[in-house]
Structures are given as C-alpha cells and as structure tokens.
Amino acid sequence: MTKSIKDIDKKYVMNSYNRYDLEIVEGMGVNCYDVEGKEYIDLSAGIGVNSLGFCEMGWVASVTQQVCKLNHTSNLFYSQPCALLAKSLCEKTGCDKVFFANSGAEANEGAIKLARKYSFDKYGKGRDKIVTLVNSFHGRTVATLSATGQDVFHNYFFPFNEGFEYATANDFASVEKLVDESVCAVMMELVQGEGGVIALDRDFVKKVAELCNKKDVLLIIDEVQTGVGRTGKFLASEHFGIKPDITTLAKGLGGGLPIGAVLANEKCSATLGFSMHGSTFGGNPIVCAGANYVLARLDDDFLFSVEQKGEYFKEKLQEIDEIESVSGLGLMMGLKLKTKTSSDVVKEGIKRGIIMLTAKDKVRLLPPLVITYDEIDKAVAIIKSILEK
Ligand SMILES: *Cc1c(COP(=O)(O)O)cnc(C)c1O
C-alpha cells in the first residue's frame, strides 16, 4: 500500500478505527484492487453496504444522472427520488410511511423518538422505556449506545440515556417481565449481526410480537443489517411471519451511499408531525436515486437467488473441517471455528486476497448479493486453504 496514504490517514484521521494494512483504490462487482493492483474477493460488502457489489453499472448510471440533474434540495421542497423511494419501500414492505435519515443509528434514533411520542400522545408521560436484548447492537449515538445491550459499549461516555432495559434473547419470560406499564416499545434485531450472527428463535419472536400487540407496545425491528435482501427476503421479518410496527433500514439500502430509513405501519405513521423530527440530508436526491436502483433490482427472482446462494454457500462452508457450524440467514453468515481465532483468519484472508469480517468469536460473511456461484466456489477454496493451514 502507498505508505504516505497510511501515514496521512494515521496523522489526520482520528484513530477510532483499527484499519487493516490495505488501501482499496477501485472495485468492480465482488472484486476490489489495492495500489499494486492485487485483486481481492470482498465478502464484507463494506459491512453489508455494497449490496450490488462495487460500482455496478446501472447503479453508477442512476446515481450519475441524478448528480448531474439535482444534487440537493433540503426537506423544504418535494423531489422525485425521495417520494418514489418512499413509495417503493411501502409497496415492498406493507408499511404506511417512511422517514429518511442518513445512517442506521439515526434511523434507530428516529424509531425511538417515534415510539416515545406515540405512547405520549395516547397514554401521557411515564410510558417511555424501551426494552432491547442483551448482545444487541443498535448504533453509536448516545441513545443507540444506551439501547445496545452490551456492557462494552457502556463506558467512557457517561451519562448514558435512561429508559432502556435489556431482556434475554429467546427467553420470552424475560421480555414479559420487563414489559410493564412504563414500556412503550421493544426493539430488536432478528439476526444479531455485530453480536455474532445469531438468528432469534421464530417462536420467541412471534410471542414477543403478540405481547407487543396485546399491550399496545410498539415492536421496532432493527433491520439495518438484515434488511434489503440480505437474508433472502426483502425484510428478515418475513422469515419470522411478523409485521412489526416500525422497521429501520440502512446499510444495504443505498448500495454504497449513506441512507437510513424508518418505516412505520398505519398505527404510528402519523405520530411524527410537522417539525417534530428532521434531517438536513435525509432523503437527499442522489442517495435516493442510488436506493431506487437497488430496490428496482431486488425483485422476487433476485431475492430467491440470494436465498439459494446463501444455502449453497453454507453447505460448501460446512464441508470444511475447521468450521464447527455456520449461523445466520441467507447471505449473512457467521462461521464458528473449532481451533482458530476469527481475527487471525480475517488478517490471513487479506494476505490471501479475500476480505472477511469478524463478529465476536465468529468470522462473519456479508458478500455482495450479486455474488455468483463461481465466485462462491473460488471464495470457499481460499477460505478452506486458510483454515486448513
Ligand atoms: C450497523 C448497524 C447499526 C448502525 O448503523 P450505522 O449506519 O453505523 O449508524 C445499527 N443496527 C444494526 C443492527 C447494525 O448492524
């Protein structure tokens, strides 16, 4: 890698990221290239963002056309890409209305505000707590760190927000115990991503959904990582047979541009009225043009192919001796290793031309949804050679 870029970055960018020794200069499809032209297979998709891979031609064309036509308007005005994106999201998910933000954490912030306001309007003050799960991840802002049920995130930045309580995943009694008169919402991921690619039990999820419905407690499903086709359905909640009140999306939605979305059903889609929430960049035309292209690509055939490729990938990985088990759904996979350390494997992968992620003790794979069977075979062969060394 160009030494000077690493040096400049280290000197001028806050050192809050522990970067790998790799400077990516360009990419196409699932492949990217470093300064020396060395090729990598990217099974990280920029942490679930590049849903169509690097610089997919149609996506580039849509975004480029929009850049040349209208870059930004502010939310004081109407613009076509934003309105059409909201329409497609509602049509694809059955939700009633959408609020646009710029990231996953911001989408979750919006969802938290929406849930508290819904409860305030109907029941008055004091019904404001939000129950989340232990081992969850909901973002890096102060409120979403508070929502995140992991002690490692509750350091340094005191005081954290009040009003969050943590139940145990797959333990319905622990949720039931916490959902009392002071609770306005339950928020959870259906496959805990950062927490180790752990899918919740279907039965647990259905019971939580029923409880929420019965108590008029809003169910917020954080699909920032699982949404937009990642699991082989447009929303992971389709696998679980639930219809949440609020769904949050981000990562894969823009195909590489920063966007977050809060999707609300009819029950709470009118809760946030004029000037109660907002974002300068939210609904930006360029970002929405990128997302509109991603959504147009994700038809039923495409989603079915993601499900199929996920199963194929999983089967192939399970044949590797060092892999104890493969968790997750669709093209969101967590590899539990028998003897090796996930971070060592990811580091070795970079030397061998393959980009992977970690999630706790697992190796996490979030390949672009457009990965082909040939590319999966090629990736599995490299992973096998790393793990059998
Ligand atoms: C990544 C992630 C977030 C945070 O998204 P940002 O865009 O980094 O703010 C929130 N929730 C889940 C489930 C995530 O995976």
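Each remark here, short or long, concerns the structure printed above.
Scoring rules and cut-offs
- Residues numbered from 1 in each chain as written.
- Predicted model: local features only at pLDDT ≥ 70, side-chain atom pairs only at ≥ 80, totals over all residues.
- Heavy atoms only, no water.
- Buried < 20%, exposed > 50% of the residue type's maximum accessible area, 1.4 Å probe, protein only.
- Helix = DSSP H or I, 4+ residues; strand = E, 2+ residues; numbered from the N terminus.
- Contact = heavy atoms within 4.5 Å.
- Axes fitted to C-alpha atoms, helices over the stretch in contact; angles between N-to-C directions.
- Parallel < 35°, antiparallel > 145°, perpendicular 65-115°, else oblique.
- Left-handed = near helix turned anticlockwise from the far one by under 90°.
- Nonpolar A, V, L, I, M, F, W, Y, C, P; charged D, E, K, R; others polar.
- 1 Å grid on protein atoms, 1.4 Å probe; cavity = no way out; pocket = protein on both sides within 12 Å on 5 of 7 lines; lining within 4 Å.
- Points joined across faces, edges and corners; volume = space filled by probe spheres on them.
- Polar contact = N/O pair within 3.5 Å; in protein donor to acceptor, adjacent residues only side chain to side chain.

Colleague: Can you help me understand helix α12 (residues 342-351) in this one?
Modeller: Since one α-helical turn is 3.6 residues long, residues separated by three or four positions face the same way. For α12, the complete set of buried residues consists of Ser-342, Val-345, Val-346, Glu-348, Gly-349 and Ile-350. Its buried side turned inward, α12 meets β3 (39-42), β14 (332-337), β15 (354-355), β16 (357-359), β17 (362-365) and α13 (373-387). A positive phi of about 85° marks Gly-353, the residue just after α12.

Colleague: Sorry, what's going on with the packing of helix α11 (residues 300-318) against α13 here?
Modeller: At their nearest, the axes of α11 and α13 sit 10 Å apart, and the two run at 25° to each other. When the axes of α11 and α13 are compared, the pair comes out roughly parallel. Pair α11 / α13 crosses with right-handed handedness. Two secondary-structure elements touch here, α11 through Gln-308, Lys-309, Tyr-312, Phe-313, Lys-316 and Leu-317 and α13 through Tyr-373, Ile-376, Asp-377, Ala-379, Val-380 and Ile-383. Class assignment for the residues of the contact of α11 with α13 results in eight nonpolar, one polar and three charged.

Colleague: Before we go on, may I ask you to explain unusual backbone geometry in this structure?
Modeller: Among all residues save glycine, negative phi is the norm, and among peptide bonds the norm is trans. Cis geometry is adopted by the peptide bond preceding Pro-159, which originates at Phe-158 and carries an omega value of 0°. Assignment of secondary structure puts Pro-159 in the loop between α6 (142-147) and β6 (164-167). Notably, Asn-135 is not glycine yet its phi reads approximately 75°, a positive angle. Its location among the elements puts Asn-135 in the loop between β5 (129-133) and α6. By relative accessible area, which is 16% here, Asn-135 ends up buried. Look at Ser-275: it is not a glycine, yet its phi comes out positive at around 60°.

Colleague: Sorry, what's going on with empty space enclosed by the protein here?
Modeller: If a probe as big as a water molecule is rolled over the atoms, it shows which places are left empty. Tallied over the entire structure, the rule returns two cavities of 30 Å³ or more. Taken as a whole, the largest cavity spans an internal volume of roughly 60 Å³. Contributing to the lining of the largest cavity are 13 residues, with Thr-73, Ser-74, Asn-75, Gly-282 and Gly-283 lying nearest its centre. Its residues placed into classes, the lining of the largest cavity shows four nonpolar, nine polar and no charged. As for the second largest cavity, its lining consists of Gly-48, Ser-51, Glu-223, Val-224, Gln-225, Gly-227, Val-228, Arg-230, Ala-250, Lys-251, Gly-252 and Leu-369. Grouping the amino acids of the lining of the second largest cavity by side-chain chemistry returns four nonpolar, five polar and three charged.

Colleague: Is there a simple way to explain the environment of Asn-284 in this structure?
Modeller: Tracing the sequence through the fold places Asn-284 in the loop between β12 (260-264) and α10 (285-297). The spatial distance from the C-alpha of Asn-284 to the C-alpha of Ile-259 is 8.7 Å, given a sequence separation of 25 residues. Dropping the residues within four chain positions of it, Asn-284 is found in contact with Asn-71 and His-72. A polar contact of 3.0 Å, which involves the side chain of Asn-284, links it to the backbone oxygen of Asn-71. A polar contact is formed between the side chain of Asn-284 and the backbone nitrogen of Ile-286, at a distance of 2.9 Å.

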